[in-house]
Amino acid sequence: MDKIRALIVDDSSVMRKIIERSLRQAGIELDKVVEASNGAEALTALQANTLDLILCDINMPVMDGLEFVREAAKLECAKGVPIVMITTEGSEAHVVQALTAGARGYIRKPFTADQVKEHVLPVLGKKP
Amino acid sequence: MSTDTSFVTRSKEENWLPVLELAVEEVFEIMLGCRVKPVAPAEHTPNGEFTAMIGLAGALCGILTVCCSATTAGQIAKSMLGDAAKSADEVGDALGEVCNMIAGNFKNKLAGTDERCMLSVPSVVSGGEYSLHSLAAGNAVETVLLFEGAPVAVRLQLQS
């Protein structure tokens, strides 16, 4: 698999590190990792970087993850960049909202590296 | 958003302690690689140098706290990161995320809460010289577990 450029969006720096480690444990080679601590920062990062994958929390200050997905969907630079939500919000209603807004996958915290692999590889066009 | 009275009633009629214990055990096992079991709270009171808290609003209204010593908070951060935390902020961040995941995991296990229960972003208090007075002073469930031999208290205080 080619190395990918990923944007990780979470208000917890510890969680961003864990998500990056989980991607590596899932066998996903990372060329570049960009971090953002809320949706607004993520929109800026999205416009400043060429990306292959976005992993995004929902509950964040300033701009939450669902709003970020809705705003990202309006941007030309985000076309074709899969967004996978990774969040403690586990309700079906949240899943539906996220997928309707344009997210391609949904991972509930707490999560294992295997779950990251299972949900991320398909959106990158790979078999888990 | 007003509190859903049916959940207030359920919190009084149902025993939510096993649900909270399971939510805690899963977070520690999956995210910290550590199997933990509840111990008698009366015999294991943590030194509350670090307290992470998260608010619940909507169908469930209250506050969930995770309390432990500074040393234990550092060990939790190390287990999550795979390396020692670089600062007290990072230790607090890790404990806040544990609190966040326990609260989310707990509410996801209660049938019917779905999107009607919202979580705040977590906050962390460091230093033991404080008192916590929650306006959600109703039913409470608490579990204490041993992590690396030291107690960690997880308390859910619900609005009556």
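Look up a bit, the structure's there.
As a convention, each chain's residues are numbered from 1 in the sequence order in which they are written. Chain A is the first chain written and ligand 1 is the first ligand written, with later ones labelled in order. Only residues with pLDDT of at least 70 are given local features in this predicted model, and only at 80 or more are side-chain atom pairs given and counted; all residues enter the totals for whole chains, interfaces and linings.

**What about helix α3 (residues 70-81) of chain B?**
Residues and elements named next belong to chain B. Going along the chain from the N terminus, every DSSP run of H or I of four or more residues is numbered as a helix, and every run of E of two or more is numbered as a strand. By this rule, a helix spans an expected 1.5 Å times one less than how many residues it contains. Here α3 spans 16 Å end to end across 12 residues, near enough to the 16 Å set by a 1.5 Å rise per residue. Partly exposed residues are those falling between the two cut-offs: more than 12 but fewer than 20 other C-beta atoms within 10 Å of their own, whereas 20 or more means buried and 12 or fewer means exposed, with C-beta atoms placed from the backbone. For α3, every residue scored as buried is listed here: T72, A73, Q75, I76, A77 and M80. Directly beyond the C-terminal end of α3, a positive phi value near 80° is found at G82.

**Focus on the packing of helix α1 (residues 13-25) of chain A against helix α4 (residues 88-109) of chain B**
All axes here are fitted lines through C-alpha atoms, helices being fitted over the stretch that makes contact, and every angle between N-to-C directions spans 0 to 180 degrees. At a minimum axis distance of 8 Å, the contact between α1(A) and α4(B) shows a crossing angle of 75°. On the basis of the axis angle, α1(A) is roughly perpendicular to α4(B). Contact residues: α1(A) offers S13(A), V14(A) and M15(A), while α4(B) offers E90(B), D93(B), A94(B) and E97(B). In the scheme used here, Gly and all other residues not listed as nonpolar or charged are polar, with Ala, Val, Leu, Ile, Met, Phe, Trp, Tyr, Cys and Pro taken as nonpolar and Asp, Glu, Lys and Arg as charged. Class assignment of the residues belonging to the contact of α1(A) with α4(B) gives a composition of three nonpolar, one polar and three charged. Each angle is binned into one of four classes, with values under 35 degrees roughly parallel, values over 145 roughly antiparallel, values of 65 to 115 roughly perpendicular, and all other values oblique. By the criterion used throughout, residues are in contact when their C-beta atoms, derived from the backbone, lie within 7 Å.

**Re the interface of chain B and chain A**
Opposite the 23 residues of chain B that make contact, chain A presents 22 residues. Per element, the largest residue contribution to the side of chain B that touches chain A is 11 residues, and it comes from α4(B). Partitioning the side of chain B that touches chain A into residue classes produces 11 nonpolar, six polar and six charged.

**Thoughts on the nonpolar core**
Core analysis: the largest hydrophobic core is formed by 77 residues, its most contacted members being L55(A), C56(A), V66(B), L95(B), V98(B), C99(B) and I102(B). For this core, the element with the most residues is α4(B), which contributes nine residues. Beyond its immediate chain neighbours, meaning those up to four positions away, C99(B) contacts A52(B), M53(B), I54(B), L64(B), V66(B) and P122(B). The nonpolar core criterion groups buried Ala, Val, Leu, Ile, Met, Phe, Trp, Tyr and Cys residues into a set whenever they are joined through C-beta atoms within 7 Å.

**Digging into the sheet that holds strand β2 (residues 30-36) of chain A**
Residues and elements named next belong to chain A. When DSSP finds two or more bridges between two strands, those strands count as paired. Ordered in space as β2-β1-β3-β4-β5, the five strands form an open sheet in which the pairing is parallel. What marks the edges here is a single partner per strand, and that holds for β2 and β5 (105-108). Within the sheet, the average angular offset between the axes of one strand and its neighbour, ignoring direction, is 20°. Relative to strand β4 (residues 83-87), strand β3 (residues 53-56) runs parallel, the two sharing three bridges. Of the residues in β4, the one forming a bridge with I54 is I83.

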